[in-house]
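Residue-level structure breakdown
The lines below spell out each chain.
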Amino acid sequence: MLAIKEKILEVDSKKWWGDDFDVRFLLITKLNKINNKIILDIGGGIGIISWNLNQNNFKINIDKSISDLKKCKKHYPEINNICASMTNLPIKENSIDVVIGGSILEYAKFDDLKNNSQIKKRTTTEYPSVEKILKDISLILKINGQFFMTTPNNKYYKSQKLDYFELKHCISNHFHNYQIFFFNTHKVISKKYSKLNLTNVIPKLKIKIYDRHKILNSLLKKDKGRNQHSVSFYFEGIKSDSS
């Protein structure tokens with residue numbers, strides 16, 4: 001994990017996630033088990049997640065930032081870069097084995113709120129850009145293809161990110177075989193002094209005893225069907241014949 005942080009700071013310090021126990025570190029550990037696949041990283045930026053994937057995979061990084069893609073190409077020439085929006089993926093249907101979405105859906109929701117394009121329904125609110133991204137991911141995945149995603153939990157941030165019910169609703173519209181996990185469910189004591197919150201304190205105390213991989217996995221909790229407090233969500237989905 002420290003090597004990943006150092007690489008981010010080396011390539012572009014402004015891209016540092018700001019948290020030594022960010023959910024994307026967990027995402028990378030899950031992806032390290034994948035071999036000989038066509039992998040698409042949506043919103044991959046400077047290529048940090050793709051860089052950590054096994055080299056026997058064919059890796060594609062899509063991002064709308066030309067500057068980030070240039071940095072990715074310079075530091076990781078083995079990654080194939082495409083400049084495109086996450087809401088308009090230039091990828092053929094049924095062509096990708098694995099799709100990665102490392103904290104991207106919250107930006108789609110923000111755009112919909114900014115453009116006042118959200119659709120209020122009886123039990124929830126739908127966000128067209130979020131729906132479009134998930135629909136396109138379902139289309140470009142091969143049958144039995146995998147989708148790995150992280151996104152912040154609005155119950156923790158209390159801003160304009162996705163909450164549990166919004167996330168579950170939009171995912172269930174496009175994937176039938178999936179699991180949502182809560183990441184880092186420790187309590188918040190003070191919003192003003194965030195460094196004193198148990199979400200920060202407990203992982204840093206555990207590092208004195210356990211390795212980072214074990215700590216990251218201990219922060220992952222199964223979905224219990226309610227709007228549980230957590231810092232982030234972690235999601236795994238599989239495209240089935242009925243997706």
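Here, residues in each chain are numbered from 1, in the same order as that chain's written sequence. Totals for whole chains, interfaces and linings use every residue, but because this is a predicted model, local features are given only for residues with pLDDT of at least 70 and side-chain atom pairs only at 80 or more, for both listing and counting. Processing note: side-chain calculations cover all non-hydrogen atoms of the structure and skip hydrogens and water entirely.

Here the nonpolar core consists of buried residues drawn from Ala, Val, Leu, Ile, Met, Phe, Trp, Tyr and Cys, with membership extended through side-chain atoms lying within 4.5 Å. Whether a residue is buried, partly exposed or exposed follows from its accessible area with a 1.4 Å probe, protein chains only, as a fraction of its type maximum: under 20%, in between, or over 50%, in that order. In terms of nonpolar packing, the biggest core is built from 32 residues, with L40, V99, L105, F147, L167 and I171 touching the most fellow members. Looking at this core element by element, the count peaks at 5 residues for helix α6 (residues 128-140). Contact criterion: two residues are considered in contact whenever any of their non-hydrogen atoms come within 4.5 Å of each other. Those residues in contact with I171 that sit more than four places away from it in its chain are L134, M149, Y178, I180 and F235. V98, I100, F148 and L220 belong to the second largest nonpolar core, which has 30 residues in total. Under the scheme used here, helices are H or I runs from DSSP no shorter than 4 residues and strands are E runs no shorter than 2 residues, and both carry numbers assigned from the N terminus.

Before going further, it helps to spend a moment on the sheet that holds strand β4 (residues 96-102). Whether two strands pair comes down to DSSP finding at least two bridges between them. Taken together, 8 strands build an open sheet; the order of strands is β3-β2-β1-β4-β7-β10-β8-β9 and the sheet is mixed. Either end of the sheet is taken by a strand with one partner, and the two such strands are β3 (80-83) and β9 (220-222). Between one strand and the next, the sheet's axes are offset by a mean angle of 20°, whatever the strand orientation. In this sheet, strand β10 (residues 232-238) lies alongside strand β7 (residues 141-152) in antiparallel orientation, the contact comprising 7 bridges. If you follow T150 over to β10, its bridge partner there is Y234. Note on geometry: axes are C-alpha line fits, over the in-contact stretch for helices, and angles between N-to-C directions span 0 to 180 degrees. Across the sheet, helix α2 (residues 23-31) is in contact with β4, β7, β8 (177-183), β9 and β10; its angle to β10 comes to roughly 25°. Here α6 sits on the sheet and contacts β1 (38-42), β4 and β7; the angle it forms with β7, its principal contact strand, is near 150°.

This part takes up the packing of α6 against helix α8 (residues 164-172). Interaxial distance between α6 and α8 falls to 9 Å at its minimum, and their mutual angle equals 45°. Between α6 and α8, the crossing angle belongs to the class labelled oblique. Crossing geometry of α6 relative to α8 is assigned as right-handed. Seen from α6, the contacting residues are V130, E131 and L134; seen from α8, they are H169, C170 and I171. Residue classes follow a fixed rule: Ala, Val, Leu, Ile, Met, Phe, Trp, Tyr, Cys and Pro count as nonpolar, while Asp, Glu, Lys and Arg count as charged, and any other residue, Gly among them, counts as polar. Here the contact of α6 with α8 is composed, by residue class, of 4 nonpolar, 1 polar and 1 charged. For classification purposes, angles smaller than 35 degrees are called roughly parallel, those larger than 145 roughly antiparallel, those between 65 and 115 roughly perpendicular, and all remaining angles oblique. When the near helix sits turned anticlockwise from the far one by under a right angle, the crossing is termed left-handed; a clockwise turn instead gives a right-handed crossing.

This part covers helix α5 (residues 105-114). The complete set of buried residues in α5 reads L105, E106, A108, K109 and D112. Down the axis of α5, the smallest arc covering the buried residues is 160°, so these residues share one side. Of the exposed residues in α5, the ones pointing more than 90 degrees away from its buried face are Y107 and K114. Next to the buried residues of α5 lie α6, β7 and α8. Looking one or two places after α5, you find N116, whose phi comes out positive at around 55°. Directions drawn from the helix axis to the C-beta atoms are what define this arc.

This part is about a positive patch on the surface. Two joining distances apply to patches: 9 Å for like charges and 5 Å for nonpolar side chains (Val, Leu, Ile, Met, Phe, Trp, Tyr), and every residue must have over 30% relative accessible area and no salt bridge. Values of accessible area rely on a 1.4 Å probe in the Shrake-Rupley scheme; residue burial ignores everything except the protein chains shown. A side-chain nitrogen of Lys or Arg and a carboxyl oxygen of Asp or Glu constitute a salt bridge if their distance falls within 4 Å. His is not counted, nor are the chain ends, whereas Lys and Arg count as positive and Asp and Glu as negative. The atoms used to mark charge sites are NZ of Lys, CZ of Arg, CG of Asp and CD of Glu. On the surface, K155, K158, K221, K224 and R226 cluster together into a positively charged patch. Tracing the sequence through the fold places R226 in the loop between β9 and β10. You can call R226 partly exposed: its relative accessible area is 45%.

Cysteine sulfur atoms that pair up within 2.5 Å are treated as a disulfide. All chains considered together, the criterion is met by 0 disulfides. The closest cysteine sulfur to the non-disulfide-bonded C72 is located on C83, 12 Å from its own sulfur.

Since the α-helix packs 3.6 residues into each turn, any two residues three or four apart lie on the same face. Those residues of helix α9 (residues 198-206) that sit buried are T199, N200 and P203. Summarising the axial view, the buried residues of α9 lie within an arc of 100°, below the 170-degree limit, and thus occupy one face. Buried positions along α9 lie against α7 (154-157) and α10 (212-218).

Quick look at the pattern of salt bridges now. Summed over the entire model, instances satisfying the criterion amount to 11 salt bridges. Its salt-bridge partner being D22, residue R24 comes within 2.9 Å of it at the nearest N-O pair. Of the two residues, R24 and D22, both sit in the buried class. Put simply, D223 and K168 hold a salt bridge, and the shortest N to O gap is 3.7 Å. Of this pair, D223 sits in the loop between β9 and β10 while K168 sits in helix α8; the two residues are 55 residues apart in sequence, bridging distant segments of the chain. Exposure remark for K168: the relative accessible area of 31% places this residue in the partly exposed category.

Here we come to the side chain of T199. In this structure, T199 sits in helix α9. The buried category is assigned to T199, whose relative accessible area is 4%. Excluding anything up to four places from it in sequence, T199 contacts Y156, N184, H186, K187, H229 and V231.

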